[in-house]
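Listed here are the chains, written in short residue letters.
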Amino acid sequence: MASRGAQRPNGAAQGKICQFKLVLLGESAVGKSSLVLRFVKGQFHEYQESTIGAAFLTQTVCLDDTTVKFEIWDTAGQERYHSLAPMYYRGAQAAIVVYDITNQDTFGRAKTWVKELQRQASPNIVIALAGNKSDLANKRMVEYEEAQAYAEENSLLFMETSAKTAMNVNDIFLAIAKKLPKNETGGQAQPRQTGVKVGSEQNQQSEGGCCK
Amino acid sequence: MASQSQVLFDKESVYIHINVNSQTSDKDAHIPGKVYLIQKPEGTFIEWKAEEVISLDASQNDQEWAVIGSTCSVVNMNSKAEIRKKYNISFDVLDLKSFKRNAPNHGWAYIIFILKDGHPMTVDCLLYRNMTQICYPSHLMNYIYFLILLKFIKDPYTTTLGGFSKVTNFLRDVLIVQDASVTRPREEMADILQEDIPGMEISQQDEPGFEVVTKTKMPNRPEGVEPSIRVEVWKFLLGYYQWQSTYKTRTDERKRRVDDYFRMKLQWKTINAEQEKRFSLLKERKCLIEKDVTRTDRTHNFFEGEMNPNLQVLNDILMTYCMYNFDLGYVQGMSDLLSPILVVMENEVDAFWCFSGLMERLCTNFEMDQKGMKVQLSQIHKLMQFVDPELCNYLESHDSGNFYFCFRWLLIMFKREFSFPDVQRLWEVMWTDRPCKNFHLLLCLAILDTEKNTLMENKFGFTEILKHINDMCFAIHLQETLKKAEGIYLQLKQCKKLPDPIKEILGFEISPCSSSSSSSKTTPSSTPINRETTPKLELPVHVKENGFSAPSSGTGTAVTTPDDSSIEILPENAENGMNNFYN
Ligand SMILES: Nc1nc2c(ncn2[C@@H]2O[C@H](COP(=O)(O)OP(=O)(O)OP(=O)(O)O)[C@@H](O)[C@H]2O)c(=O)[nH]1
Ligand SMILES: [Mg+2]
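Criteria and thresholds
Residues numbered from 1 in each chain as written. Chains lettered and ligands numbered in written order. Predicted model: local features only at pLDDT ≥ 70, side-chain atom pairs only at ≥ 80, totals over all residues. Heavy atoms only, no water. Helix = DSSP H or I, 4+ residues; strand = E, 2+ residues; numbered from the N terminus. Buried < 20%, exposed > 50% of the residue type's maximum accessible area, 1.4 Å probe, protein only. Contact = heavy atoms within 4.5 Å. Areas by Shrake-Rupley, 256 points an atom, 1.4 Å probe, with all protein chains shown as cover. Donors = N, O, S within 2.8 Å, 3.2 Å for Na, K, Ca; no water. Phe/Tyr/Trp six-rings, centres within 6.5 Å; stacked < 30°, edge-to-face > 60°. Lys NZ or Arg CZ within 6 Å of the ring centre and 35° of its normal. Near = heavy atom within 4 Å. Nonpolar A, V, L, I, M, F, W, Y, C, P; charged D, E, K, R; others polar. Salt bridge = Lys/Arg side-chain N within 4 Å of Asp/Glu carboxyl O. Axes fitted to C-alpha atoms, helices over the stretch in contact; angles between N-to-C directions. Parallel < 35°, antiparallel > 145°, perpendicular 65-115°, else oblique.

Novice: Looking at this structure, I do not really get the overall build of chain B. What am I missing?
Specialist: Check the secondary structure of chain B and you find 22 helices and seven strands. Among the 583 residues that make up chain B, the fraction classed as buried is 59%. Within chain B, contacts between residues separated by at least 24 positions form 73% of all contacts whose residues are at least 6 apart in sequence. About 24,600 Å² of surface is accessible on chain B, with carbon and sulfur atoms providing 52% of the total.

Novice: How should I be thinking about the coordination of the magnesium ion (ligand 2) in this particular structure?
Specialist: Reference values for coordination geometry: four tetrahedral donors around a metal ideally subtend 109.5 degrees, six octahedral donors ideally subtend 90 or 180 degrees. All names here are of chain A. Taken together, Ser-33 (OG) and Thr-51 (OG1) make up the full set of protein donors to the magnesium ion (ligand 2), lying 2.0 Å away. Pair noted here: Ser-33 is in helix α1 (residues 32–41) and Thr-51 is in the loop between α1 and β2 (54–63), with a separation of 18 residues, a long-range link. Summarising the burial analysis for this pair, Ser-33 and Thr-51 share the class buried.

Novice: When you look at the packing of aromatic side chains in this model, what are you seeing that I'm missing?
Specialist: Each aromatic ring pair is described using two quantities: the centre-to-centre distance and the angle formed by the ring planes. Following the criterion strictly, the structure yields 31 aromatic pairs over all chains and no others. Plain terms: the ring middles of Tyr321(B) and Phe355(B) are 5.1 Å apart, the flat faces sit at 75° to each other, and that makes the pair edge-to-face. With Tyr321(B) in helix α10 (residues 309–324) and Phe355(B) in helix α12 (residues 348–366), this pair connects stretches of sequence that are 34 residues apart. Among the aromatic residues, those joined into a cluster by ring pairs are Phe56(A), Trp73(A), Tyr81(A), Tyr88(A), Tyr404(B), Phe407(B) and Phe462(B). Sitting above the plane of the Tyr150(A) ring, Lys111(A) keeps its charged end 5.4 Å from the centroid. Here the basic side chain of Arg298(B) rests over the ring of Tyr47(A), its NZ or CZ set 4.0 Å away from the ring centre.

Novice: Quick question: what am I supposed to make of the site of ligand 1 here?
Specialist: Among the 27 residues in the neighbourhood of ligand 1, the closest are listed as Lys32(A), Ser34(A), Glu46(A), Gly77(A) and Asp135(A). Site remark: ligand 1 is flanked by residues from chains A and B. Alone, ligand 1 offers 640 Å² of accessible surface; in the complex the protein occludes 95% of this. In terms of residue count, α1(A) provides more of the shell around ligand 1 than any other element does, three residues in total. Tallied by class, the residues present in the shell around ligand 1 amount to six nonpolar, 13 polar and eight charged.

Novice: Mind showing me how you'd approach the pattern of salt bridges here?
Specialist: Where charged atoms from two side chains of opposite charge come close, those side chains can pair. By the definition in use, this model includes 31 salt bridges over all chains. When the shortest N-O distance is used, the salt bridge between Arg263(B) and Asp260(B) registers 2.7 Å. Taken together, the residues span about one helical turn, with Arg263(B) and Asp260(B) both in helix α7 (residues 247–269) at a distance of three residues. For Arg263(B), a relative accessible area of 45% gives the class partly exposed. Using a relative accessible area of 19% as the deciding quantity, one classes Asp260(B) as buried. Between Asp433(B) and Arg361(B) there is a salt bridge, and its shortest N-O distance comes to 2.7 Å. Here the residue Asp433(B) occupies a position in the loop between α16 (420–431) and α17 (439–457), and Arg361(B) occupies one in helix α12, the gap between them amounting to 72 residues. Residues joined by salt bridges that share partners form a network here, namely Glu49(A), Asp297(B), Asp336(B), Lys415(B) and Arg416(B).

Novice: Help me out: how do you make sense of the packing of α16(B) against α17(B) in this one?
Specialist: The description of two packed helices rests on the angle between their axes and on the distance between the axes. All names here are of chain B. Running from amino to carboxyl end, α16 crosses α17 at an angle of 130°, the nearest separation of the two axes being 9 Å. Looking at the two axes, α16 sits oblique to α17. Residues Leu-426, Val-429 and Met-430 of α16 pack against Phe-439, His-440 and Leu-443 of α17. Looking at the contact of α16 with α17 residue by residue, the classes come out as five nonpolar, one polar and no charged.

Taken by themselves, the reported measurements are silent on function.
Put into structure tokens, the structure is as follows:
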């Protein structure tokens, strides 16, 4: 974890902490929860149960001299629960829209999510597109080029990921962290209440970056 | 029955408990039979006859009736059927000295009859077993009330309950819940259950060695249904079998249901790939079901392993349910509801019909507009406003007035929060609709009460609350929480200034000239006087880990009746918190 994002091209202020709200969207069973679980706990569950309502997790990464804390909202994918989504992407600085490379329909659904975010979410939201289950390349139904072209058209970050093998999982979160504004106020998510304790494994002691 | 006799009332699936003295779980201690109220030339009789064993040619002769003597112990049995007949009961209601009924909160009920000529320990117990949504046979009860009242009037002295034995205790320990029954619609029963029994008033005199069930006493909850009979009981609870059915009608019904199930199963089974291409809605649902079946309770041994055949059964039932209720279709969460049912039923057809019975109760949770969920969330809000304004204010001022963190609890009835055995027990309780309508909402309140200090002391906001609640799964103590919820129920029940909306939620009777609703309107945004010193509703169970102080010791302590003056009635703006969401 500590080695992640260790490059320091320019010296950002020491010990700066930024907090971002990130939401995962995408059709059911594309692997949203699995991506989060991989990113936050380094685990993968073959039989990850479906998400009901939403789950909230946090993870902190170090980027140069900045500590970036992600507040991650993992949502339920099924269309029926669509009406709840605005509650989660409202105020989000970043979103990962996930599809399953072995299922064309999920890619179509991802595009719908992108459209909705572009229309309804914060105007400066950073959107990443994740083609998950890249380990199942032999069952591929969505071509890399197709998705990449779409992502470029819509200025999305794009990566194919695998929660199972961990391929590109940390990378996509890191790429998002890099793209997020980290100036004094802009990057700061809504100031949290004091004394917030978020029970993630990663200890997010406030002062001092974790890269040192 | 003799021809001059007229059966005024009868009821099947009433069990007698024959060996109340020995602490046994022997099922033969509970003999199924039928109870009658019979008008005979010589008087009105309550009779109970053992269920006929199929092979037995029961000659229905009045001579066979006998009142069980003072020894309730089991005679050694060679021929069950013969022996069982010995327990047949018949007595003139005028010989009845008293009867006692247990508090109706347990999910089961029993009645104990004590005859005048019985010495104190002569307990003729006629157990009216009902598992649940059932109710007492109102006819019978009304009739008995009437007769007993008459008796009291006629002969107040001899009808005192001095001989009342401490039956509750030893009965409680041996009672197991069994196949059940009841014929009366729930609504109709509600009134009767809420009323005090005349006999109970009298039995409240303090007699050493006597235990009287009073309505404020926290009852010891039975541990749910005896596992061996759960498979049958659930069929009744979920409306697959009718309470008034007989063995014969059930057999017929089941045949019909089997045919019906396979007819519907064939409907989707016979759709070929070509057809499916033009049936996108079905295909979509099929995919969704497949996705969920592979990740439903795969750590439970019933579903674990790569090629577990039970996964196919889970899949087929859900697909067939799609055909059964195509308008609703398949929605995530349903597989969670089916899984414990299939584990209990271990049979595709039975599991299907029980599942569809459960969906009758919960389908609004899954409807497109999510109306059922919205309504429940706002009901929790309303209840919380009344029961614990402090916590309610806290949640409102921390972006959580929508109570959205209860979503998972409500959607799948706490399925993800408890272990399988606990889920089974919890669901049984809920399906009885006892002690009141929407009892599960009080369970939500009970859990939140337990977590109150954690939420407030840590100044949790919306996200932290949701995370905390999500992470609580398998950490909730079911029995304690049920007790606490029941405590809340009892307090609300006794509260004289209960606002009408609360009564409505819990299915309490709304009195026509209720002053409560007006008081809630005339005191908008009222804060109680002496807020600091006013005792709030005290919950009967206090969780010490959280630093709650226990006002009285132990479980089963009497609930303190809240002083009405201490109850804060807030303006009815419960919807407000909801408005931000679901837009
Ligand atoms: N082979 C493979 N399987 C994956 C991968 N990611 C997730 N899965 C599997 O896909 C299934 C669904 O994953 P989830 O993470 O539950 O999907 P989700 O998007 O959170 O689904 P909802 O909660 O229903 O919206 C699970 O069985 C995972 O094990 C992956 O990268 N490779
Ligand atoms: Mg998920």
